[in-house]
Each structure stands twice: as structure tokens, then as C-alpha cells.
Amino acid sequence: MNARFLPYVLIAPVTLFLCLFFLYPFVLVAKQAFSTGAGFTMDNFRDVVSYWKFPISMKNTLLLAAAVVPVQLALALLMATMVNKMKRGRDLVLYVWTIPLGISDLAAGIIWLAIFEQSGFLNSMMHGLGLIDRPVNFLSYQHPGVVFLAIALAEIWRATAIMLVILVAGIGLIPKEYYEAAEVFGASPWKRFTRITLPLLRPSLQTALVLRVILAFEVFAVVAALGGTLFPVLMGETYAYQFDLLNGGAAAAMALIILAISIGFTLIILRLLRVPKGATI
Amino acid sequence: MTAVTTQAPDTRRAGRTVYAAAVVLLCAWVLVPLYFLFINTLSSPDTVNSFPKPFVPEFDTGSLAFFAGFAGMLSALKNSILVAGMTMVMSILIGAPAGYALSRFDFRGKEVFRLLILLTRAFPLPLLALPLAVMFIRTGLDDTVFGLALVHTTLAVPFAVLITFSLFSGIPMELEEAAWTLGCTRLTAFTKVVLPLILPGITASAIFAFVISWNEVFAAAVLTIENRTLTAFLLQNLDTSPLHLKFAGGFILVVPALIFIFAVRKYLFAMWGIANR
């Protein structure tokens, strides 16, 4: 086949597929969100935003992201630098640390349910230590703080690995000579980290943060498993509109709102961590 | 003077101890919750619901037997495997050619194409299931395993393209050119030279696609009603199902993940490192 047409033939299937199942659905969801049957309208958005659960679920989603993402970033950076220096057992440690990468959010929620539920391991441990006489029902409306903590811990447990993998790969690309030169000039390990690792890791940090923040706004199954209706989040409300209230237009409007927030934060992260042109390794 | 010389190895040893302790602690952070799930799964339903909990499993298969006997659970498991299998095959068949094209050719519109692929990563894709639910009803794909596999392929195919792109880029063009001069056509050079080298990497990215589909909850819950996948089934029954059923279900969800991550561990970092540039 002619080499001029071959690349187009090769990319045609993906392009067609993504047009049909990625771009076209976006047109559909927008159409659905801006119409209630007759013509253009903002009614769906007005309904959704004025619903009493909307401010709470918005606040919860943002709060959760604000609590979880910085911890994950710090943890992933720590793990990545630790692994980088490791001589023995690196493969084993990396395998263990990346296990959560393959675990679904629903499974992660169930795993942490085993710890926090009324007859769970946290209660058993506290009972064993003599701190409590009877098991406490942590995941109830009397303990909103614990519900939040359980969800945040499950999210941190599950999704730190994805940042870790990106950062470990990124650190691997930084030339060793920079560190050797810094050592010659007597830079402390902390200086080397802040002056070499962090700036050169910027493209990886960018990707890791974008990916992670978008996933944070999509949080759904962890919350469903641990908090249920106690902790409404945007994605859960979208699901409720579609299934419990059978209101497709409102669900579409919610989808667009989540989308807008995701895009907004993506742009902010890209801007904050932008890589100067020609400054890549 | 002597104080200084004895202090230096001391602090170094202390530093090493802290470092080792931190590694062990972080490993425990990952493994202990998994171990708790393991205890609950391998305990009888009565023990799972009792208090206080034992900290060693009693190796009773009661919970798992209950899981297997629960109405609809086994067919949900079968659906999950089917959807993930289809997603795996489709995303590689559709994605790998594009990855090859990106690594080997310079063509007009390459940047636009790359942007389209990267764009998919900046969107919460499971939300696409909402409009697709309507579209699928019109085309008769609603509540089918194949329809869900199409949506999961949308999730997995950008990864397949980027991963195969980085894998193909790792194989020098010269190898193919040498094969051409020795009488191979473009196709035979690909099947005889490139494919054997790339096959383990392709397998790894196929497994990755399988895991993406296996774990997906939202789209699965939106698009299936009768033919629930395991994740959708568990989600739907969260309010009503007893604890031991949840834990056994969670365990069944986790096991393939453990095996798959182990199988692809060599490729994990190479795939992500370059796929994210």
C-alpha cells in the first residue's frame, strides 16, 4: 500500500470509534441538558442547581478533592524518591505499592467498609485495647467526621498508586549527572529534591495531577459503599437523577457541570505547572 | 573530634533505620486493609457479622459459597468477564494500528489526532454512558454485554494507543528497514520482525484494558439492567445485601487485579512514563 495513505488507514478505526463514542455523545449530552422537549432552555440547570442537595454535594466533592489530592501528591512523591534510592527489593516494594492501581473504587470502598463498619476491625481493635465497651456505628449520621475520614482514607489508599507510577517513571528520566553535579557542589538531599527533582519532574507532575483531579471529581463508588446517602457527591447525584428520579435532562445537566469543573481545573493545573518551551529533558 | 567521627555513622545508621521503617510502614498501609478483606472473605457468615472480629482467617468457605449461590451473582461474574474480554480485544485491535502509525509516520493531522487522544483523558468519560443509554435503546444495544464493551473500549482505547505508541517507538525503524532489504514486504516485516518483539508489551496493555473494564462501575451501572456486571450488581445491592456478600464480592473483584498487576509489573512504568508525555 502507498506509504502516504497507510497512516490514515491505520488511524481511521480509532478516529471513527472516538467520533462515534466520544465526540457524538458529548453533542447528545449537551442537547439533552439544554432542552426539556421544546427548544433551548436552561431549566435543567436551574432545577439541578436549586435542588437542596446540590450545594452539599458540590461542597463535599470539592472538600474531598482538596483533602485527598495534596496528601496523595506528597505521599506519591515520598514513595517515588524512596524507591529511586532503593537497591535491594525495589521490584517487590514497587509491586506492593502499585497493587491498588488494579483495584476498583467499589472494591476499595468495600475494603474500608470492613474496617469502619459497626462490627469491623477498627471497633474490634478499640475493643481489644479496652477503649470502648460496645461497638460504635461509625458510618452513621452521628459521626459525619468519621464518614468523611473513611472515604478520604479509602480514596488515598486506592488512588495514590496511579500518581506513584507516573512520578516513578518521570524520575527515571532525570539524568543522574545533575545529582552528581549537585553533590559535588555540596547540595543537601533536600536541596537536590527541591532544585532538581521537582522542576524536572514538572511534566509528570502535570499529568499526574490532571489525571488525579479529574478522577477526584468522578468519585462515586467509594462513597456509595462507605457513606451511602450520608455523604452526597456530584457523581452520585447524577446517578440518582438518572435512576431514582428518572430525569435524563437533569442528569445530563449534572454531567455538564462536572465536565465544566474538570476542564476548569485541568486548565488551572496546566497553567500553574506549565513547562517552558524547549525546557524538556 | 572523636565525637564527630562517631556521630556520622550513627546518624547514617539512624537514617537507614527510619528509611527501612518507612518502607515497611507504607507496604503495611497497602497490605493490611487487603488482609482484613481476606479475613472477612475466608470466615463463615456468622463470624463476619459477629463482634469482636478475629484477626486471623478461620478458612471457612461459607461466605464464598453464599456468594456463589446468591441469585444472579454468577451470571454477573460471567458478564463482567465477557465485557472485559471484549474490551481487551477491541481496544487492542483498534488501538494498536494507530499506535504504530504514530510511531512510524509523519503525516498531516498527526497533532490533531494526538490531541483527540489526549483530550479523552481530560474528560470524565463514564459520564458518556448517560447519552449513550438513549442511543443504545434506539439501536437495540441497550442492556447488552456488547454495548457496555463499546463504552469500556472508549475508556481503554486511548491508553492502548499511547501505550502501543511508546512500545513501537522502542523498536528501531532500522530493524524493519533491514527486513525490507532482505525481501520482506511491509506486512511480512511487521509480522516476522516487529510483532514477536512487541507481543509481550501488547499483552501487558491488553491486560491493562481488561482491568479498566473489570473495575468500571458507573457506566456499567447506567447501561445494564438485566445483564449486570459484577461491579454494577454489587453497587445496586449495596443497601440490601448482607456484609458477608459484600466482602466476598469485593474479594472476587480484587483477586484478578492482584494477578494482573503482578503480570504487567515490568511494563507498568515504561508504559506510563512515555505514555504521559
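Residues numbered from 1 in each chain as written. Chains lettered and ligands numbered in written order. Predicted model: local features only at pLDDT ≥ 70, side-chain atom pairs only at ≥ 80, totals over all residues.

### So, the overall build of chain B
Rules: Strands here mean DSSP runs of E at least two residues long; helices mean DSSP runs of H or I at least four residues long; both are numbered from the N terminus. All radius of gyration figures rest on C-alpha atoms, and the globule criterion is 2.2 Å times the number of residues raised to 0.38. To assign burial, the other C-beta atoms lying within 10 Å of each residue's own C-beta are counted, with C-beta atoms placed from the backbone; 20 or more indicates buried, 12 or fewer indicates exposed, and intermediate counts indicate partly exposed. Contact criterion: two residues are in contact if their C-beta atoms, reconstructed from the backbone, are within 7 Å.
Scanning chain B from N- to C-terminus turns up twelve helices and zero strands. For 277 residues, the compact-globule estimate of 2.2 N^0.38 gives 19 Å, and chain B exceeds it by more than 25% at 24 Å. The principal-axis extent of the C-alpha atoms belonging to chain B is close to 80 × 70 × 35 Å. Buried residues in chain B amount to 43% of all 277 residues. The contacts of chain B with a sequence gap of at least 6 include a subset with a gap of at least 24, amounting to 74%.

### Considerations on the interface of chain B and chain A
Our working rule: Each residue receives one of three labels: charged for Asp, Glu, Lys and Arg, nonpolar for Ala, Val, Leu, Ile, Met, Phe, Trp, Tyr, Cys and Pro, and polar for the others, Gly being one of them.
Each partner contributes to the interface: chain B provides 73 residues, whereas chain A provides 79 residues. With 16 residues, the top contributor of residues to the side of chain B that touches chain A is helix α12 (residues 243-275) of chain B. Here the residues of the side of chain B that touches chain A are counted per class, giving 56 nonpolar, eleven polar and six charged.

### Topic: the domain arrangement of chain B
All names here are of chain B. We apply this condition: Where each domain begins and ends is defined by an automated method or by a domain database.
What the domain assignment reports for chain B is domain 1 (2-41) and domain 2 (71-275). On a C-alpha basis, the centres of domain 1 and domain 2 stand 37 Å from each other. In this complex, domain 1 contributes four residues to the contact, which on the side of domain 2 involves five residues. Classifying every residue of the side of domain 1 that touches domain 2 by side-chain character gives two nonpolar, two polar and no charged.

### As for the nonpolar core
Put simply, the rule is: Any nonpolar core is a set of buried residues, restricted to Ala, Val, Leu, Ile, Met, Phe, Trp, Tyr and Cys, that join up through C-beta atoms within 7 Å.
In this structure, Leu226(A) and Ala129(B) are the most contacted members of the largest nonpolar core, which totals 161 residues. Beyond its immediate chain neighbours, meaning those up to four positions away, Leu226(A) contacts Gly109(A), Trp112(A), Leu113(A), Phe116(A), Leu139(A), Val147(A), Ala150(A), Ile151(A) and Ala154(A).

### Regarding the confidence of the model for chain B
All names here are of chain B. Heads up, the rule is: The score called pLDDT rates the predictor's confidence residue by residue, from a low of 0 to a high of 100.
Averaged over chain B, the pLDDT score is 83; the fraction of residues at 70 or greater is 94%. The weakest mean pLDDT in chain B belongs to helix α2 (residues 45-49) at 76; the strongest belongs to helix α4 (residues 73-104) at 91. Long-range and interchain partners of residues 1-6, a stretch whose pLDDT sits below 50, account for zero contacts in this model, where long-range means more than four residues apart. Across the whole predicted complex the pTM is 0.84, and at the interface the ipTM reaches 0.83.

### Re the packing of α4(B) against helix α9 (residues 186-215) of chain B
For any two helices packed against each other, one specifies the crossing angle of their axes together with the interaxial distance. All names here are of chain B. Note the cut-off: Between N-to-C directions, angles span 0 to 180 degrees; the directions come from axes that are lines fitted to C-alpha atoms, helices contributing only their stretch in contact. Note that the term roughly parallel is reserved for angles under 35 degrees, roughly antiparallel for angles over 145, roughly perpendicular for angles of 65 to 115, and oblique for everything else. Helix crossings get a hand from a simple test, with the near helix turned counterclockwise from the far one by less than a right angle marking a left-handed crossing and a clockwise turn marking a right-handed one.
In contact at an axis separation of 8 Å, α4 and α9 are set at 135 degrees when each is read in the N-to-C sense. Comparing the axis directions of α4 and α9 gives the class oblique. Between α4 and α9 lies a crossing of right-handed hand. Taken together, the residues of α9 that come into contact with α4 (itself represented by Ser80, Val83, Ala84, Thr87, Met88, Ser91, Ile92 and Ala96) are Ile202, Ser205, Ala206, Ala209, Phe210, Ser213 and Trp214. Taken together, the residues that form the contact of α4 with α9 break down as ten nonpolar, five polar and no charged.

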